[in-house]
Each structure stands twice: as structure tokens, then as C-alpha cells.
Amino acid sequence: MMTDEQYMKMALQEAQNAFDEGEIPVGAIIVCQGRVLSKAHNLTERLHDFTAHAEMLAFTPHRSIWGTSTSISVRFMLP
């Protein structure tokens, strides 16, 4: 299993991808039981959609699985 630091590095790579595409540099990954389920970065500028934040885009493919009773932990890393 990967460490939290390794997961954060994946999220930072997503943020770098966003930056490289002219987006606000934010990345997110969704991990469940040591498995990366999804990853995403901001697409607000490209899509002209103020809701296209990395964390929302990462959650979208799995929202039907989680339903409303699932506890979700979100971690932020500031420089």
C-alpha cells in the first residue's frame, strides 16, 4: 500500500497538470482501502464552469457508489 505522502505527490502531479494547462493548480485523488479510484485536476477555465473543481471532478465517477451515508475524508496540503 502507498503512503499518505505518495498519495499527496499524486495529487500534486494533478495540480501540476492543471497549471500546465493554464488552470488554477489544484489536484485531487480519491483513495479507498489503498486503491486509487480516481484523480482529477481543475478544469474551470477550459470548461468555463465554476463548478469544475478538482475535488468535484474526482468524486463524480463514484457518486452513485457512495450514496449519502458514506463518510468521506478530505485532506488539503498547503505550501
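Residues numbered from 1 in each chain as written. Predicted model: local features only at pLDDT ≥ 70, side-chain atom pairs only at ≥ 80, totals over all residues. Heavy atoms only, no water.

Undergrad: Honestly, the overall build of the protein chain in this entry has me stumped. Any pointers?
TA: What the protein chain contains, in helices and strands, is 4 helices and 2 strands. Secondary structure of the protein chain in N-to-C order comes out as α-β-β-α-α-α. Counting only residues that meet the buried cut, the protein chain has 27% of its 79 residues in that class. For the protein chain, the exposed surface amounts to about 6000 Å²; the carbon and sulfur share of it is 58%. (Helix = DSSP H or I, 4+ residues; strand = E, 2+ residues; numbered from the N terminus. Buried < 20%, exposed > 50% of the residue type's maximum accessible area, 1.4 Å probe, protein only. Areas by Shrake-Rupley, 256 points an atom, 1.4 Å probe, with all protein chains shown as cover.)

Undergrad: When you look at the environment of Thr3 in this model, what are you seeing that I'm missing?
TA: Relative to the helices and strands, Thr3 resides in the segment before α1 (4–20). The spacing of Thr3 and Gly34 is 31 residues in sequence and 8.8 Å in space, taken between C-alpha atoms.

Undergrad: Looking at this model, I keep getting lost on the nonpolar core. Mind explaining?
TA: The nonpolar side chains of soluble globular proteins are, as a tendency, buried together. Counting 6 residues, the largest nonpolar core is built from Ala28, Ile30, Ala40, Ala54, Ala58 and Phe59. Of all elements in the fold, only β1 (27–32) and α3 (54–59) reach the threshold of two or more residues within this core. When residues in this core are grouped by element, the largest group, 3 residues, is from α3. (Core = buried A, V, L, I, M, F, W, Y, C linked by side-chain atoms within 4.5 Å.)

Undergrad: What is the right way to read the pairing of strand β2 (residues 35–41) from this model?
TA: On a regular strand, one side chain projects to one face of the sheet and the next to the other, so that they alternate. Pairing between β1 and β2: 6 bridges, direction antiparallel. Residue pairing for β2: Ile29 is matched across the bridge by Lys39. Taken together, β1 and the strand that follows it, β2, pair antiparallel across an intervening segment of 2 residues, in which Gln33 is found at a positive phi of about 50°. (Pairing = 2+ DSSP bridges.)

Undergrad: Honestly, the pattern of salt bridges in this entry has me stumped. Any pointers?
TA: Two side chains bearing opposite charge may form a pair once their charged atoms approach each other closely. For the structure on display, the rule yields 2 salt bridges. We note a salt bridge from Lys9 to Glu5, for which the minimum N-O separation is 3.6 Å. You can see Lys9 and its partner Glu5 sitting in helix α1, 4 residues apart, about one turn around the helix. By relative accessible area, which is 53% here, Glu5 ends up exposed. Measuring nitrogen to oxygen at the nearest pair gives 2.5 Å for the salt bridge that ties Arg46 to Glu21. One end of the pair, Arg46, is in helix α2 (residues 44–47); the other, Glu21, is in the loop between α1 and β1, and 25 residues separate them in sequence. (Salt bridge = Lys/Arg side-chain N within 4 Å of Asp/Glu carboxyl O.)

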